[in-house]
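# Survey of secondary and tertiary structure
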Amino acid sequence: MKVLELFNVHKVYNTTHVEVHAVNDVCLEFEEGEFAAIVGPSGSGKTTLLNMIGGLDMPTEGRILVNSTDLSTLKSSAIIDFRMRNIGFVFQSYNLIPVLTAKENIEFIMNLQKWPRKKRDKRTMELLKAVGLEDRVDSRPAQLSGGQQQRVAVARALASKPRFVLADEPTANLDTKSTENLLDIMEKLNREENITFIFSTHDARVVKKARRVITLEDGKVVSDEIRE
Amino acid sequence: MKNYKMAWRNLWRNKRRTVITASSVFFAVFFALVMRSLQLGTYDSMYKNIIESYSGYIQVQDEDFWENKIVDNVFKNSEELREKITADRNVEDVIPRFESFALASSGSRSKGVMVMGIDPEKEKLLSDVEDKLVKYRLTDEAISAIKSEEIPAYLEKNMDLFHGNSYSSDGRLQIELGIKENDEEYLMPLFEKYASVKNGYFSMGDNAALVGDRLARYLGLERGDTIILVGQAYHGHTAAGKYVIKGIVKIPNPDIENKIVYLPVDVCQTLYYADGMLTSMVVHLMDDDDDAINNTLKRLDSNIESPYRILGWKEMNETLVQQLDADNKSGIIMIGILYLVIAFGVFGTVLMMTAERRREFGVLIAIGMQKTKMAGVMVYEMLYIGLLGILAGVAIALPSIIYGYHHPIHFPSKFAKIWEEYGFEPVMAFQWIDKYFLSQSLVVAIIVLVAVIYPVVKIRNLKEVNAIKA
C-alpha cells in the first residue's frame, strides 16, 4: 500500500541574482513499512525534499500525495493537523521539549490527539521499553545523553502510530555506539509496527541498514536502489 | 499536558528573567498603588481640613451671598427652613453660621479678618473649635526655660526652628519637634510646665472671641486681651465691637488660621445688626461619601427653593479643587511614565522569549501543535508573570497603605516649616483601599496583555521550515 507519492516535484528558491533548483523533477513512491535512506552530498536537496514530504514546505511545482491527500490543497491549520496524525519527525538535534519529562515528551502528540489517559500511558510505556528508557521516565531532556534524547525523539515520532516517520540526519550528533543502538531500535520498530521510515543522511552506518537507498545530486534522483 | 501547566513550566526555564520581569511588574504595581494612595490621601486630608474647619460639605445660603458676600445678603434663621433641611434622610443636623468681614485691630496693628459667628455647641459637630484651642506655645521664655533643663540636643535645635509655633495637641507637638518615644515621659512634663497655654471656650451670649493663632501672633494678641472689630453691618449700619479673647485656636488650614475670628453666633448677629439672621446653614451629614453628598445636594436643591441656594463643598472650594485637580493630573502623568518604563521592560522580555524560542515553536508546530494552542501557552506565560507581579505588588502595597493610613507621614521638622509657609498642613496621608487599587492593577494587567500581542502575531506568521533552521 502506497503511503507517499511524489509527482514531478520541483523546489526553486529565488535568491537575489539566480534561481536555485533545490529539488528538480523528483518522482518517487513509498510503500508501507519501507526503511529508506535519502543520501547525497551537502546541498543535494535531501532536507528540502524531506521538508516538502512532511508538509513543512510546499513544492514550487508538482504534487505530493500523503495517503492520497495532496497537502498543497490543505489550509495551514489542516496541514498541521494532518502532520500530527500521519507523520512523525525525528530531527538532527533531537528538539525535545525541555520542560517536559521523557514520558511527557512522548505523550505530547497523544495529548494533542486527545487519547484517553489509559491508552496513552500504555503506549508511552510500550515505547519507552522499546527504546530502552523505561528507567528514565521522569528525566528531563537535560538529564539525558544525546543518544537517549534521540531515542526519546524516535519514541515521540512513533507515539501516535503515524503513517511514516521522517528523520533528518538522526545520527549526525551521535557516537558510534548510540548510532548502532538507535538504528537497531528504529529497524525493530519499523518491522514490529510496520511504519515507514525515511531518513536523509550522510551516515554510512544508516545507509548500510537501509533497505532502500535513494541518491540525490543537484536536486535530482540519480539512483533508487532497493535491497533485500 | 494542558496549556497552563506547560506555560508554568516554561516560566521557570529562565528563572532569573522571570523573576526580573515579575519584579518590574511588582515595582510598578507597588509604586503606583502607594503613590496613588499617598496622593489621593493627601488630597482627602486637605479637603477634609478645609471642609471640617470651614465650609462643611453642604451649605444653605441666601441666593446672592456666594457671589456677593455682604451682610445684606443674609436670611432669617427660620424653623421652617431648618425642618425642611433636616427632613432629608442624610441630614443629621444644621449648624448656623454668620460670616462676614471686619477690620480687626489691636494696639497699632490692624488686619482684615473673617468673622465667623458660630453656635459653640453645634459647631462641635463640624469644626470642633474647642478641640483646636492652643495647648502649647514655644515662646522665647518657654524655650529658654526648657533649655535650662537637661534636654537632648535635637530638641534644642528643633525648638529654635519652630520658635513661636503653637500646638493644639501633644501628638502634634511631639511630631513637629521630633520628640522620640523614649523621651516623651521626661520631656512632656517640661512642656506642660513651661510652654502650656491656658485657653478657654465660649458659650452663646459671651462677649468673647476665639482668634486664629497666626492672626493672634500678627496682632500680638494673647488670651485675655481685647480685639476690636470694625466693619459694615446690615443695611448700612456700622459694625463695631470689642471682645475679650478667650482662646487662641490652631486651624489645620494655615490660610484660614491667618484670618479667622470666632464669635458666638448671637453676639456676631448683634455686631452686624442682624439679629435672627444667618449667612449660612451648614448641613451636617450622616453619610459623607461622595455619592451620598451628591444625592443629598440634589434632593436639597429640589426641595428648597428661592431665595436660597444650596452649595456643595466643591463649589465652595473651587480654587483648591482646581489646584488639586491639576496636581492630580501631574501625578497621573508621572504614573503614566512609570507604566511606560515598565511596559518597555515587559516588552523586552517578551521579545527575548519569542526570539530565543523560535526554533522550538517551529518544531512544535512541525510535530502537530496548532499555532493557536502555542499562542495560548504564551498568553498563559505572560499572564503568570503579570499575576505574580501584580499579586506581589498588591500584597506588599496593602499592608504599607493600611499602615500609612493609620500613621500619616508627618514631615520632618525642617520641611514642615517650609510646607506650612506654602499654606499646607505638613502631613501626607494615605487613602484607604478604594477604586484606585483595582484600576492601577488593571492598567498593569493590560500592559502585560498588550505585550503578549507580539509573540501571538509572531507565532501566527511563523514559517515552521524557517523556524526549525533558526
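From a predicted model like this one, the values you see are computed outputs, not experimental measurements. (Residues numbered from 1 in each chain as written. Chains lettered and ligands numbered in written order. Predicted model: local features only at pLDDT ≥ 70, side-chain atom pairs only at ≥ 80, totals over all residues. Heavy atoms only, no water.)

## Description of the interface of chain B and chain A
With 20 residues of chain B at the contact, the number on the chain A side is 25 residues. Interface area, chain B with chain A, both sides summed: about 2000 Å², of which 63% is carbon and sulfur. Across the contact surface, chain B and chain A share 2 salt bridges. Between Arg83(A) and Glu464(B) there is a salt bridge; the shortest N-O distance is 2.8 Å. Run the count over chain B and chain A and you get 8 residue pairs in polar contact (both at pLDDT 80 or more). (Contact = heavy atoms within 4.5 Å. Buried area = accessible area lost by both parts, 1.4 Å probe. Salt bridge = Lys/Arg side-chain N within 4 Å of Asp/Glu carboxyl O. Polar contact = N/O pair within 3.5 Å; in protein donor to acceptor, adjacent residues only side chain to side chain.)

## A look at empty space enclosed by the protein
Leftover empty space is mapped by rolling, across the atoms, a probe with the size of a water molecule. Going through the model one piece at a time under the given rule, you end up with 3 cavities of 30 Å³ or more. Reported here for the largest cavity is a volume of approximately 70 Å³. Together, Arg83(A), Met84(A), Ile87(A), Gly88(A), Phe89(A), Ile109(A), Arg156(A), Ala157(A), Ser160(A) and Ile367(B) line the largest cavity. The set of elements that each furnish at least two residues to the lining of the largest cavity consists of helix 2 (76-86), strand 6 (87-90) and helix 5 (146-158) of chain A. (1 Å grid on protein atoms, 1.4 Å probe; cavity = no way out; pocket = protein on both sides within 12 Å on 5 of 7 lines; lining within 4 Å. Points joined across faces, edges and corners; volume = space filled by probe spheres on them. Helix = DSSP H or I, 4+ residues; strand = E, 2+ residues; numbered from the N terminus.)

## What to know about the pattern of salt bridges
All names here are of chain B. Applying the stated criterion to the full structure yields 41 salt bridges over all chains. Ionic pairing is found between Arg 299 and Asp 88, a salt bridge with its closest N-O pair at 2.7 Å. Within this pair, whereas Arg 299 is found in helix 11 (residues 290-303), its partner Asp 88 is found in the loop between helix 3 (79-86) and strand 3 (91-106), the two being separated by 211 residues in sequence. A residue is classified by how much of its surface remains accessible, and Asp 88, at 7% relative accessible area, is buried. Residue Glu 257 is joined to Arg 214 by a salt bridge in which the shortest nitrogen-to-oxygen separation is 3.3 Å. Residue Glu 257 is found in helix 9 (residues 254-257), and its partner Arg 214 is found in helix 8 (residues 213-219); the two are separated by 43 residues along the sequence. Overall, the relative accessible area of 1% leaves Glu 257 in the buried class. (Buried < 20%, exposed > 50% of the residue type's maximum accessible area, 1.4 Å probe, protein only.)

## So, the domain arrangement of chain B
In terms of domains, chain B is made up of domain 1 (3-49 + 320-469) and domain 2 (57-316). Placing a centre on the C-alpha atoms of domain 1 of chain B and another on those of domain 2 of chain B gives a separation of 45 Å. (Domains from an automatic or database assignment.)

## A short note on the environment of Ser439(B)
Residues and elements named next belong to chain B. As for its placement among the helices and strands, Ser 439 is situated in helix 17 (residues 435-451). Judged by its relative accessible area of 33%, Ser 439 is partly exposed. With 406 residues separating them along the chain, Ser 439 and Leu 33 place their C-alpha atoms 9.5 Å apart.

## Looking at the side chain of Ser200(A)
Residues and elements named next belong to chain A. As for its position among the elements, Ser 200 is in strand 8 (residues 196-201). With relative accessibility at 0%, the residue Ser 200 sits in the buried group. Of the polar contacts made by the side chain of Ser 200, one reaches the side chain of Asp 168; its length is 2.5 Å. In this structure, Ser 200 is in contact with Ile 38, Lys 46, Thr 47, Leu 50, Ala 167, Asp 168, Glu 169 and Pro 170, ignoring residues within four places of it in sequence.

## A word on helix 4 (residues 140-148) of chain B
Residues and elements named next belong to chain B. What helix 4 keeps buried is the set Ala 142, Ile 143, Ala 145 and Ile 146. For helix 4, the angular spread of the buried residues around the axis is 165°, confining them to a single face. Projecting away from the buried face of helix 4 at angles above 90 degrees are the exposed residues Glu 141 and Ser 148. Buried positions along helix 4 lie against strand 5 (136-137), helix 5 (153-161) and helix 7 (181-194). (Arc of directions from axis to C-beta.)

## Some remarks on the packing of aromatic side chains
Residues and elements named next belong to chain B. Enumeration according to the criterion identifies 19 aromatic pairs over all chains in this entry. On the basis of an interplanar angle of 25° and a centroid distance of 5.5 Å, the ring pair of Phe 98 and Tyr 272 is categorised as stacked. Remark: Tyr 272 occurs in the loop between helix 10 (265-271) and strand 11 (277-278) and Phe 98 occurs in strand 3; sequence separation between them is 174 residues. Exposure remark for Tyr 272: the relative accessible area of 0% places this residue in the buried category. Seen from their ring centres, Tyr 201 and Phe 202 are 5.4 Å apart, and the 25° between their planes marks the pair as stacked. (Phe/Tyr/Trp six-rings, centres within 6.5 Å; stacked < 30°, edge-to-face > 60°.)

## Remarks on the pairing of strand 8 (residues 226-232) of chain B
Residues and elements named next belong to chain B. In the sheet, strand 3 pairs with strand 8 via 3 bridges, with the strands oriented antiparallel. Paired with Ala 104 across the bridge in strand 8 is Leu 229. Across 7 bridges, the pairing between strand 8 and strand 9 (residues 238-249) is antiparallel. Bridge pairing in strand 9 links Leu 229 to Gly 241. Hairpin connection between strand 8 and strand 9: a loop of 5 residues separates the two successive antiparallel strands, and His 235 in this loop has a positive phi of roughly 55°. (Pairing = 2+ DSSP bridges.)

## Some remarks on the nonpolar core
Ile227(B) and Leu229(B) are the most contacted members of the largest nonpolar core, which totals 156 residues. The dominant element in this core, judged by the number of residues it contributes, is helix 2 (residues 15-55) of chain B, at 17 residues. Summarising the domain contributions, this core has at least three residues from each of domain 1 (3-49 + 320-469) and domain 2 (57-316) of chain B. When near neighbours in sequence (up to four residues on either side) are disregarded, Leu229(B) contacts Ala102(B), Leu103(B), Ala104(B), Val113(B), Val115(B), Ala239(B), Ala240(B), Gly241(B), Tyr243(B), Val261(B), Leu263(B) and Leu271(B). Listed in part, the 34 residues of the second largest apolar core include Tyr94(A), Leu127(A), Ala130(A) and Phe199(A). (Core = buried A, V, L, I, M, F, W, Y, C linked by side-chain atoms within 4.5 Å.)

## A short note on the confidence of the model for chain B
Residues and elements named next belong to chain B. Per-residue confidence for chain B gives a mean pLDDT of 88; residues scoring 70 or more make up 97%. Mean pLDDT values for the elements of chain B range from 65 in helix 16 (residues 413-421) up to 96 in strand 10 (residues 260-264). Scored as a whole, the predicted complex attains pTM 0.72, and scored at its interfaces, ipTM 0.89. (pLDDT = per-residue confidence, 0-100.)

## Considerations on the sheet that holds strand 2 (residues 19-31) of chain A
All names here are of chain A. Taken in spatial order, the 4 strands make up an open sheet running 2-1-4-5, and their pairing is antiparallel. If you trace the sheet from one side to the other, it starts and ends with strand 2 and strand 5 (69-70), each paired once. Pairing geometry for strand 4 (residues 61-66) and strand 5, over 2 bridges, is antiparallel. Within strand 5, the position partnered with Val 66 by the bridge is Thr 69. This element, helix 1 (residues 46-53), spans strand 1 (2-14), strand 2 and strand 4 of the sheet and lies at about 125° to strand 1. (Axes fitted to C-alpha atoms, helices over the stretch in contact; angles between N-to-C directions.)

## Concerning the sheet that holds strand 9 (residues 212-217) of chain A
All names here are of chain A. Ordered by their spatial adjacency, 6 strands build an open sheet running 6-7-8-3-9-10, and the pairing between neighbours is mixed. Strands with a single pairing partner mark the edges of an open sheet, and in this sheet they are strand 6 and strand 10 (220-226). Averaged over all pairs of adjacent strands, the angle between their axes in this sheet comes to 15°, without regard to strand direction. For strand 3 (residues 35-39) and strand 8, the ladder comprises 5 bridges, and the chain directions are parallel. From the neighbouring strand, Ala 37 faces strand 8, where its bridge partner is Phe 199. Helix-sheet contacts for helix 5 involve strand 6, strand 7 (164-168) and strand 8, and the interaxial angle to strand 6 is about 170°.

## Here we look at a negative patch on the surface
Side chains of Asp44(B), Glu52(B), Asp287(B), Asp288(B), Asp289(B), Asp290(B), Asp291(B) and Asp434(B) sit close together on the surface and give a patch of like negative charge. One can find Glu52(B) in helix 2. (Patch = residues over 30% accessible without salt bridge, like charges linked within 9 Å, V, L, I, M, F, W, Y side chains within 5 Å. Areas by Shrake-Rupley, 256 points an atom, 1.4 Å probe, with all protein chains shown as cover. Lys, Arg positive; Asp, Glu negative; His and termini not counted. Charge placed at Lys NZ, Arg CZ, Asp CG, Glu CD.)

## Things to note about the side chain of Thr171(A)
All names here are of chain A. Tracing the backbone shows Thr 171 in the loop between strand 7 and helix 6 (176-193). Assessed through its relative accessible area of 2%, Thr 171 is described here as buried. In this view, Thr 171 contacts Thr 179, Leu 182, Thr 201, Asp 203, Arg 205 and Val 206; residues no more than four positions away in its chain are not counted.

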